[in-house]
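# Tertiary structure, described
The primary structure of each chain is shown beneath.
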Amino acid sequence: MELASSAVAALIALLATVLGFRLQERSAARRDRHAQQAQQYAELRQVFVRFLSRLAAMCRLQNERSVLREASASKAEQAALEARTAVRRP
């Protein structure tokens, strides 16, 4: 009787140890996956920031080129071009 209860206790302890190991392994994998996703998100955000900055610079240069081409533009037209440039900024 005592041997059977000891064997059951040992089996329960073994199962608990294996279960604990598996839970810890899954937790570590989840933590690694979240860290990788956060890094990818940060990299993607940096790419978008650079893209929007370059897009804004391109729009500004296009508007400046347009103003230079139309040097005889009225003040209202120049103000409209400046407003358009300001709206496109991120």
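Just so you know, these numbers come straight off a predicted model, no measurement behind them. (Residues numbered from 1 in each chain as written. Predicted model: local features only at pLDDT ≥ 70, side-chain atom pairs only at ≥ 80, totals over all residues. Heavy atoms only, no water.)

### Observations regarding the overall build of the protein chain
When helices and strands are tallied, the protein chain shows 2 helices and 0 strands. Within the span of the protein chain, comprising 90 residues, buried residues form 8% of the whole. (Helix = DSSP H or I, 4+ residues; strand = E, 2+ residues; numbered from the N terminus. Buried < 20%, exposed > 50% of the residue type's maximum accessible area, 1.4 Å probe, protein only.)

### With respect to the pattern of salt bridges
Summed over the entire model, instances satisfying the criterion amount to 1 salt bridge. The partner of Glu25 in a salt bridge is Arg22, with the nearest N and O atoms 2.6 Å apart. Here Glu25 and its partner Arg22 are both found in helix α1 (residues 2-69), 3 residues apart, which amounts to about one turn of the helix. Judged by its relative accessible area of 44%, Arg22 falls in the partly exposed class. (Salt bridge = Lys/Arg side-chain N within 4 Å of Asp/Glu carboxyl O.)

### Some details on a nonpolar patch on the surface
On the surface, Leu44, Phe48, Phe51, Leu52, Leu55 and Met58 cluster together into a nonpolar patch covering about 550 Å² of accessible area. Mapped onto the fold, Leu44 is located in helix α1. Exposure remark for Leu44: the relative accessible area of 46% places this residue in the partly exposed category. (Patch = residues over 30% accessible without salt bridge, like charges linked within 9 Å, V, L, I, M, F, W, Y side chains within 5 Å. Areas by Shrake-Rupley, 256 points an atom, 1.4 Å probe, with all protein chains shown as cover.)

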